[in-house]
Amino acid sequence: MPEPPHVEPVSPPRVLITAGPTHEPIDSVRYLANRSSGKMGIALAEASSARGWTTTLLLGPSALRPADSSHLTVHRFRTTADLQQRLQQSWPQHDWLIMAAAVADYRPKPASEAKLRRTSTKMTLELEPTPDLLAELAAGSRPDQRRIGFALEPADELVERARDKLARKSLDAIVANPLKTMDANEIEAILLFADGAEISSNGSLSKSAGAKWILDTIFARLTSPG
Ligand code: CTP
């Protein structure tokens, strides 16, 4: 009888997930933020840890939190700079990064330490671009590490813009979703892979079902040999 082919066991990935908005201080009491709720990243962290995968969630200023799990560690961040530091510390100990956080594109420059006072004259805020955290990590990644981004885009240019981000940020995959996904309970997504594959969720899923679908699809494609 011929020997069965040798199949390497696939070890579970150690997953680093980011979720929620960033708050970029304007002064000691005010900040710039966006409407991200953190729901999608939290659902991903719950789904990943429920599989027994070692999971770290870097969670921004969200009112929500994940269910406790012995497989899940949560660290909080507030600003893009905090998240940048956390990512640099955590990434080497993980295999996958799923970047669901809605990172600010601009931040006030410089933030005032004191509380700004109201006057009768116009105020202008100067903003500086934030670093692109995902793109930055590409250079410091091991060849076996996988980076997955999110792209929230207008429905009529969803795939084109998401493909552009996939290439620009050197990602293995990107979850493309229409703008209505932000702050919603449901997700409708197309997963785009660096090899050109496109897999659609075929309609809306709850964020918890969407998280399982994303993990299953990524696991099947990114861990299959060849
Ligand atoms: N992202 C990041 N660092 C930033 C901005 C975004 O790592 N400073 C990540 C997001 O977490 C997401 C992906 O990049 O996974 C795409 O984010 P998006 O805001 O859609 O892309 P931008 O690069 O900001 O492009 P644009 O403003 O043109 O949409």
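Before reading further, recall that the structure is shown in the block above.
These lines cover the structure that appears in this document, whether it is placed above or below. From a predicted model like this one, the values you see are computed outputs, not experimental measurements. (Residues numbered from 1 in each chain as written. Predicted model: local features only at pLDDT ≥ 70, side-chain atom pairs only at ≥ 80, totals over all residues. Heavy atoms only, no water.)

1. Re a nonpolar patch on the surface
Next up, step 1: A surface patch of nonpolar side chains, amounting to about 400 Å² of accessible area, comprises Y106, M123, L125 and L127.
Next up, step 2: Mapped onto the elements of the fold, Y106 is located in strand β7 (residues 106-108).
Next up, step 3: For Y106, a relative accessible area of 48% translates into the label partly exposed. (Patch = residues over 30% accessible without salt bridge, like charges linked within 9 Å, V, L, I, M, F, W, Y side chains within 5 Å. Areas by Shrake-Rupley, 256 points an atom, 1.4 Å probe, with all protein chains shown as cover. Salt bridge = Lys/Arg side-chain N within 4 Å of Asp/Glu carboxyl O. Helix = DSSP H or I, 4+ residues; strand = E, 2+ residues; numbered from the N terminus. Buried < 20%, exposed > 50% of the residue type's maximum accessible area, 1.4 Å probe, protein only.)

2. Section: unusual backbone geometry
Next up, step 1: In this structure, S170 takes a positive phi of about 50 degrees despite not being glycine.
Next up, step 2: Taking relative accessible area as the criterion, S170 reaches 41% and is therefore assigned partly exposed.
Next up, step 3: Phi angles above zero are rare outside glycine, and N202 is one such case at about 55 degrees.
Next up, step 4: Among the secondary structure elements, N202 is positioned in the loop between β13 (198-200) and β14 (205-206).

3. Brief notes about the site of the ligand
Next up, step 1: The full set close to the ligand counts 15 residues, and M99, A101, D105, K165 and K169 are the nearest of them.
Next up, step 2: Contact between the ligand and D105: an oxygen atom at 2.7 Å from a side-chain N or O atom of the residue.
Next up, step 3: One of the side-chain nitrogen or oxygen atoms of K169 is found 2.6 Å away from an oxygen atom of the ligand.
Next up, step 4: Of all the elements in the fold, those that place two or more residues in the shell around the ligand are α3 (133-139), β9 (146-153) and α4 (158-168).
Next up, step 5: For the shell around the ligand, the per-class residue count stands at eight nonpolar, two polar and five charged. (Near = heavy atom within 4 Å. Polar contact = N/O pair within 3.5 Å; in protein donor to acceptor, adjacent residues only side chain to side chain. Nonpolar A, V, L, I, M, F, W, Y, C, P; charged D, E, K, R; others polar.)

4. Quick word on the sheet that holds strand β5 (residues 72-76)
Next up, step 1: Strand order in the open sheet formed by eight strands is β5-β4-β1-β6-β9-β10-β12-β13, and the pairing between neighbours is mixed. The open sheet has two free edges, formed respectively by β5 and β13, since each of these has just one partner strand. Across the sheet, the axes of successive neighbouring strands diverge by a mean angle of 15 degrees, strand direction being ignored.
Next up, step 2: Contacting β6 (96-99), β9, β10 (173-178), β12 (190-193) and β13, helix α5 (residues 207-222) crosses the sheet at an angle of about 20 degrees to β12. (Pairing = 2+ DSSP bridges. Axes fitted to C-alpha atoms, helices over the stretch in contact; angles between N-to-C directions. Contact = heavy atoms within 4.5 Å.)

5. Thoughts on the pairing of strand β1 (residues 15-19)
Both faces of the sheet carry side chains from a regular strand, because those side chains alternate between them.
Next up, step 1: The buried fraction of β1 amounts to five of the five residues, a majority that puts the element mostly inside the structure.
Next up, step 2: Across five bridges, β1 lies against strand β4 (residues 55-59) in parallel orientation. Residue L16 lies in a different strand from β4, and its bridge partner there is T56.
Next up, step 3: Alignment of β1 against β6, held across four bridges, turns out to be parallel. When the sheet's bridge partners are listed, V15 is paired in β6 with W96.

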